[in-house]
Amino acid sequence: MTKDAPVVVLNGVEKSFGAVQALRGVSLELWAGECLGLVGHNGAGKSTLMNVLSGNLVPDTGRIEVAGSDITDRLTPQNATRHGVRCVYQELSLCPNLSVAENARITHPSISGPGWRRRARALIGGMLDTVFPGHGISADDIVGDLSIAKRQMVEIARSFAVTTTEARVVILDEPTSSLDAVAATKLLSHVRRYVEAGGSCVLISHLLGEILETSDRIAVMRDGGVVELDDAEHFNRDSLVAAMGSVAEDARDSADRPVIRDSAPIVVEARPKAPDSLALAAHQGEVVGLAGLSGQGQTELIVDVFDHASGAQVEGSVALVAGDRQTDGVFPLWSIADNISVGSLQRFLRGILIDQTQARDFADEWRQRIGIRTPDVDDPILSLSGGNQQKALFARALGSSAEIIVMDDPMRGVDVGTKQEVYGMIRDEAAQGRTFLWYTTEMDELRNCDHVYVFREGGIVADLPRAEMTEERVLHASFRADA
Amino acid sequence: MNGLFSPRMLRSLLPPLSLAVLLIAIFYLQPRTMSYFGLNLLLNLAIPIALATIAQMFVLCVNELDLSIGGFVSLVACITATWLYDTPLLGIAALIGLVAVYAALGALIHLRNLPSIVVTLGMSFVWLGLAVLVLPTPGGKAPEYIRTLMTLKPPGIPFPIIASVVIAIVVHILLMRSAWGTVLRGAGGNPRSLERAGWSLLRIKMIMFALAGFFGVLSGMALVGLTTSADANIALRYTLLSIAGVILGGGEFVGGRVSPIGAVIGAVTLALAGSFLSFLRLNPDWQIGAQGAILIIVLALRILISRTEAKR
C-alpha cells in the first residue's frame, strides 16, 4: 500500500434515525500505517460512523471506499470483512457458549475441515500471545466462564488474527474500557506495532491520554460531524476537550431564576457506592441534572432512588420516566390510554375493579395537556412516533401523585420540537413543587437544571450549581485528569 | 477451575451420576434386571425417547422450543405402520416431506419473528389430526426391516445400550466437534455476532429444524419397530419427556448450551424412572408426580452447584 492512496475513504456520509440526524456529511480518509483517534462527547456520532464503515448501518447518502473499491452499494458486515475491515464492538460479540477457539472459527470461515480445532487454537492462542503476553487464557476455555476483561482480550485478538482475509483496518471502539492498565498498555503498544507494519487502526476512546499517545492523527466529532482533524501532536487534553464542546456558550437566559437550594427542604439525599464520591442532594422543587459520559453510574443512582434503596434517603413517592422505551417504558400491546393511566391506577379503583371511563378521561386530559399527537387515546401505543410515545411516558409519571420524578435519559431519539415542549412542562411542574432527578447525556438539557452533578466511574466527581455550570466544566469533570 | 471437583465438572457429571444412582436402585430392588434380557426390556423404550430428545435438543440449541414433537412422532409412527408398510415409496416420500415441513417451520419462525412456542403448539394439533386421518383406529404393521433392527440381539451388550451410545456419539461429533456444528451452536449463543460474521441465521434455523424433523422421524420409526403397531396418540407424552430429557442432561433453554451425550443420558434416565417407580410398587396414579419429583431433585442439585460457582 503506497502513501498516495488512502485505505478508507468516507465521503459525505449522512445517516438519520427518524428525526435525529446522527451523521451530517462526514468525510474522512484513513491511510495505511496510521492510527486515527476518534473522540467526541456522547452522541457525537462516533459509533454510528464506525458502524457505517463496518457495514452494520447503511448510510442515507455518501460514498465508502475500501482499498480502492467502492463498497457503498454492497455494504454488509460480510463485505466489509472481506475487504479487510475488522471491528471490535463496544458490546462484545463473542458466543458465550463456545470455547475461545470455536469463537475464532465463527469469524474465520476458512478454518474448517479435519484438524480445524487445532488450527483455530493455534491462530487465536498465537494472537493472544502476541497482543497480550501472559494473558492466562486457554484456547479451550468456554468464553462464558471468562472474566469481562479476558473476553475483551479474546475479541481483540480475534480481530487482529489473519487467515484468508487480511486485517487492513481494525476499528477499536472503547477497547480499553474493561481492560486493566497493564493489558491496556499491551494493547496500545500492539496497535503501534500493527500500524508501523502498515496496518490502519481507528481508535475510539474516552481516555484522552490514550488517544493522544497512540494516534497519529485525531478527529474530533461533534453533533454528527468532524469538527477538527489534525496531527496528534497539535492537540493536548485541553484543546481536545475544547473542541468537543460547542464553541459559543449560550447566553445564560436562566440566570434570573431564583436559587431554590437556600430555602427549600431536601427531599432526596444519595451517595453512589464508589469510593471518594460526592453526595447528591435534591431540594424540593429543583431540577437536578445527572451528567457525565453514559454508563458512569447515573442509572444505578436513579434506580436506587426509585427503589428507596438503603443508600438513598427519599422523602415522598417516586415515579420513573424510562429512557429505553422499548424495554423499560411502554407496554407495546396496550392502548395509549392504558399506558398513561397505569401509573395512577389506585385512583380509579371502584372496589376491586377499575373505573375504565374515569381512567380513559384521565388519559385524554393528559393527551391534551402534554400534546400527544393522536386522534384517539384508545389507539395502540405503537401507532405513535417515538417522541409521542415518550410523551405518553411523561404523562404516566407526571399524572401520578409522585412528588419526585426520576428520569433515565428520557429524550433519547426524540425530536427537537418535542424536547422543547417537555422542557417547558418540567419547569412548570418543578415550579409547583415537584422535584426532578434528570439523567441526561445532552449538554443542552443540563441548561434546564438548577443543579448538576457530574458522574465518572460510578461516583460523583463534580457538584455544580447552575451559576457555575458550563459545558467546559462538565466535560473536564467527565474525563479523568490523569488520562 | 481446577481439578475434578470444580463446579463445572460437577455440573457435567450430574447427569451420568443421576443415571447411575437410578440404575443401582433398580438393580437393588429387582436384581433380575441385571441381565442381558433384563436390561434389554428395561431400556428398549428409551431409544425412541432418546431420538425425540435429540430432536428437541436441536431446536432448543437455537433458543426455540418444540411443543409439537410428540404429535409429530405419533404421525411418523402412523405413517410408518401404514404407508411405509404398504407402499414404501409413498411412505418414504411422506417422511421426507415431513422433514421439509420442519425446515419450513424454522424458516417461518425466523422470518416472521414468531414465538416458536405458539407455532409448534399449533402444529401439534395439525400433526395429531393428520395422524388420526392416516390411522383412525390403532393398528398397522411395522415394516420387517425396522422390526428386525429394533429386536437385534448382539452378543454381549444389549442393543438399546449400543443404540444409545451410537446416537450420542454421532450427534456429539456432528454438533459439538465439527466446525460446522460449532457455527450452529454459536447461533444459540450470540445470533447477532453470527450474522455480523456473515452466516445466514435463516439457513441455520432451517438446518436445525430439519435436523429436529429428521430425528423425530427416526424416533417414530424406532417406536413402531418396538411396538409393531401404531396409534395416533402413541407418543404424545414425548413432548414433555424430550424437553425434560434435554434439561436433565445439562442443557439450558436459552444460550445454545446443550449436550447430545447429556440429552441421551437424560432421556434414558427418564425412561428408567418409570420402571423404577413400578418396581417400588407405586400406584400408577402417582407415577407421573413421582417422575416430576425426580426431575425437580436433579434440577435443584444443578442450581445448587451453579450457585457455588457464582459465589466464587
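Rules and cut-offs
Residues numbered from 1 in each chain as written. Chains lettered and ligands numbered in written order. Predicted model: local features only at pLDDT ≥ 70, side-chain atom pairs only at ≥ 80, totals over all residues. Heavy atoms only, no water. Patch = residues over 30% accessible without salt bridge, like charges linked within 9 Å, V, L, I, M, F, W, Y side chains within 5 Å. Areas by Shrake-Rupley, 256 points an atom, 1.4 Å probe, with all protein chains shown as cover. Salt bridge = Lys/Arg side-chain N within 4 Å of Asp/Glu carboxyl O. Helix = DSSP H or I, 4+ residues; strand = E, 2+ residues; numbered from the N terminus. 1 Å grid on protein atoms, 1.4 Å probe; cavity = no way out; pocket = protein on both sides within 12 Å on 5 of 7 lines; lining within 4 Å. Points joined across faces, edges and corners; volume = space filled by probe spheres on them. Nonpolar A, V, L, I, M, F, W, Y, C, P; charged D, E, K, R; others polar. Axes fitted to C-alpha atoms, helices over the stretch in contact; angles between N-to-C directions. Parallel < 35°, antiparallel > 145°, perpendicular 65-115°, else oblique. Left-handed = near helix turned anticlockwise from the far one by under 90°. Contact = heavy atoms within 4.5 Å. Buried area = accessible area lost by both parts, 1.4 Å probe. Polar contact = N/O pair within 3.5 Å; in protein donor to acceptor, adjacent residues only side chain to side chain. Disulfide = S-S within 2.5 Å. Buried < 20%, exposed > 50% of the residue type's maximum accessible area, 1.4 Å probe, protein only. Core = buried A, V, L, I, M, F, W, Y, C linked by side-chain atoms within 4.5 Å. Expected span 1.5 Å × (residues − 1). Lys, Arg positive; Asp, Glu negative; His and termini not counted. Charge placed at Lys NZ, Arg CZ, Asp CG, Glu CD. Phe/Tyr/Trp six-rings, centres within 6.5 Å; stacked < 30°, edge-to-face > 60°. Lys NZ or Arg CZ within 6 Å of the ring centre and 35° of its normal.

1. Considering a nonpolar patch on the surface
Moving on, step 1. Judged by side-chain polarity, Tyr28, Leu29, Leu280, Leu282 and Trp286 of chain B come together as a nonpolar surface patch covering roughly 570 Å² of accessible area.
Moving on, step 2. Mapping Leu29 of chain B onto the fold places it in helix H1 (residues 7–29).

2. A look at empty space enclosed by the protein
All names here are of chain A.
Moving on, step 1. Enumeration according to the criterion identifies 2 cavities of 30 Å³ or more in this entry.
Moving on, step 2. Estimates place the volume of the second largest cavity at around 40 Å³.
Moving on, step 3. Surrounding the second largest cavity, Val8, Leu10, Leu28, Glu29, Leu30, Leu36, Met50, Leu53 and Val202 form its lining.
Moving on, step 4. The leading source of residues in the lining of the second largest cavity is strand E2 (residues 20–30), at 3 residues.
Moving on, step 5. Of the residues that constitute the lining of the second largest cavity, the class distribution is 8 nonpolar, no polar and 1 charged.

3. Focus: the packing of helix H9 (residues 159–177) of chain B against helix H14 (residues 260–279) of chain B
Angle between the axes and distance between the axes are the two parameters that describe a pair of packed helices.
Residues and elements named next belong to chain B.
Moving on, step 1. Packing of H9 against H14 leaves a shortest axis separation of 8 Å and a crossing angle of 150°. What the angle tells us is that H9 and H14 run roughly antiparallel. Between H9 and H14 the crossing geometry is right-handed. Each of Ser164, Ile167, Ala168, Val171, His172, Leu175 and Met176 in H9 lies in contact with H14, whose residues at this interface are Pro260, Ile261, Val264 and Val268.
Moving on, step 2. Class assignment for the residues of the contact of H9 with H14 results in 9 nonpolar, 2 polar and no charged.

4. Observations regarding the interface of chain A and chain B
Moving on, step 1. Listed per partner, the contact involves 26 residues of chain A and 24 residues of chain B.
Moving on, step 2. Carbon and sulfur atoms supply 50% of the area buried between chain A and chain B, which totals about 1900 Å² over both sides.
Moving on, step 3. Considering only the surface of chain A that becomes buried against chain B, Asn97, Arg105 and Ile106 of chain A emerge as the three largest contributors, covering 28% of it.
Moving on, step 4. Seen at the junction of chain A and chain B, the total is 1 salt bridge.
Moving on, step 5. One salt bridge connects Arg185 of chain B with Glu102 of chain A, and the closest N-O pair in it is separated by 2.8 Å.
Moving on, step 6. The interface formed by chain A and chain B holds 11 residue pairs in polar contact (both at pLDDT 80 or more) in total.

5. Concerning the state of the cysteines
Moving on, step 1. Enumeration according to the criterion identifies 0 disulfides over all chains in this entry.
Moving on, step 2. Sulfur of Cys35 of chain A: no disulfide; nearest cysteine sulfur belongs to Cys201 of chain A and is 4.6 Å away.
Moving on, step 3. Assessed through its relative accessible area of 0%, Cys35 of chain A is described here as buried.
Moving on, step 4. You can see Cys61 of chain B has no disulfide; the closest cysteine sulfur is in Cys95 of chain A, sitting 10 Å from it.
Moving on, step 5. According to the relative accessible area criterion, Cys61 of chain B is buried, its value standing at 0%.

6. Notes on the nonpolar core
Moving on, step 1. Ranked by size, the top nonpolar core spans 104 residues in total, and within it Phe58, Ile204 and Met208 of chain B carry the most contacts.
Moving on, step 2. Looking at this core element by element, the count peaks at 14 residues for helix H12 (residues 201–227) of chain B.
Moving on, step 3. Ignoring any residue separated from it by four or fewer positions in sequence, one finds Phe58 of chain B in contact with Val171, Leu174, Leu175, Met208, Leu211, Ala212 and Phe215 of chain B.
Moving on, step 4. One finds Leu146, Ile370, Met407 and Met425 of chain A within the second-largest nonpolar core, a separate group that totals 98 residues.

7. So, the pattern of salt bridges
Residues and elements named next belong to chain A.
Moving on, step 1. Enumeration according to the criterion identifies 24 salt bridges over all chains in this entry.
Moving on, step 2. Glu65 is the salt-bridge partner of Arg63, the closest N and O atoms lying 2.3 Å from each other.
Moving on, step 3. Residue Arg427 pairs with Asp450 through a salt bridge whose shortest N-O separation is 3.5 Å. Placement of the pair is Arg427 in helix H14 (residues 416–431) and Asp450 in the loop between helix H15 (443–446) and strand E20 (451–456), with a sequence separation of 23 residues. Considered together, Arg427 and Asp450 belong to a single accessibility category, that of buried residues.

8. Focus: helix H6 (residues 88–111) of chain B
Residue pairs spaced three or four apart in an α-helix point in one direction, given the helix's 3.6 residues per turn.
Residue and element names in this part refer to chain B.
Moving on, step 1. With 24 residues, H6 should cover 34 Å at 1.5 Å per step; its first-to-last C-alpha distance of 35 Å lies within 8% of that length.
Moving on, step 2. Three or more residues of H6 are buried, namely Gly91, Ala94, Leu95, Leu98, Val99, Tyr102, Ala103, Leu105, Gly106, Ala107 and Ile109.
Moving on, step 3. For H6, the secondary structure elements touched by its buried residues are helix H4 (69–81), helix H5 (83–86), helix H7 (116–134) and H12.
Moving on, step 4. Phi turns positive, to about 55°, at Asn113, one or two residues after H6.

9. Some details on the environment of Gly186 of chain B
Moving on, step 1. Relative to the helices and strands, Gly186 of chain B is located in helix H10 (residues 179–189).
Moving on, step 2. Judged by its relative accessible area of 0%, Gly186 of chain B falls in the buried class.
Moving on, step 3. The spatial distance from the C-alpha of Gly186 of chain B to the C-alpha of Gly256 of chain B is 6.9 Å, given a sequence separation of 70 residues.
Moving on, step 4. Other than its neighbours up to four places away in sequence, Gly186 of chain B contacts Cys95, Leu98 and Ile106 of chain A together with Pro191 and Leu194 of chain B.

10. A look at a negative patch on the surface
All names here are of chain A.
Moving on, step 1. A cluster of acidic side chains, namely Glu228, Asp230, Asp231 and Glu233, defines a negative patch on the protein surface.
Moving on, step 2. Within the secondary structure, Asp231 sits in strand E10 (residues 225–231).
Moving on, step 3. Residue class for Asp231 comes out partly exposed when judged on its relative accessible area of 31%.

11. Some remarks on the packing of aromatic side chains
Moving on, step 1. Under the defined criterion, the tally for this structure stands at 9 aromatic pairs over all chains.
Moving on, step 2. Ring geometry for Phe58 of chain B against Phe215 of chain B: centres 5.6 Å apart, planes inclined by 40°, an arrangement best described as tilted. You can see Phe58 of chain B sitting in helix H3 (residues 46–61) and its partner Phe215 of chain B sitting in helix H12, a full 157 residues away along the chain.
Moving on, step 3. On the numbers, 6.1 Å between centres and 10° between planes, the contact of Tyr102 of chain B with Trp127 of chain B is stacked. Note that Tyr102 of chain B is positioned in helix H6 and Trp127 of chain B in helix H7, a separation of 25 residues in sequence. As far as burial versus exposure is concerned, Tyr102 of chain B and Trp127 of chain B are alike and both buried.
Moving on, step 4. Taking NZ or CZ as reference, Arg369 of chain A lies 4.1 Å from the ring centre of Trp366 of chain A, over its face.

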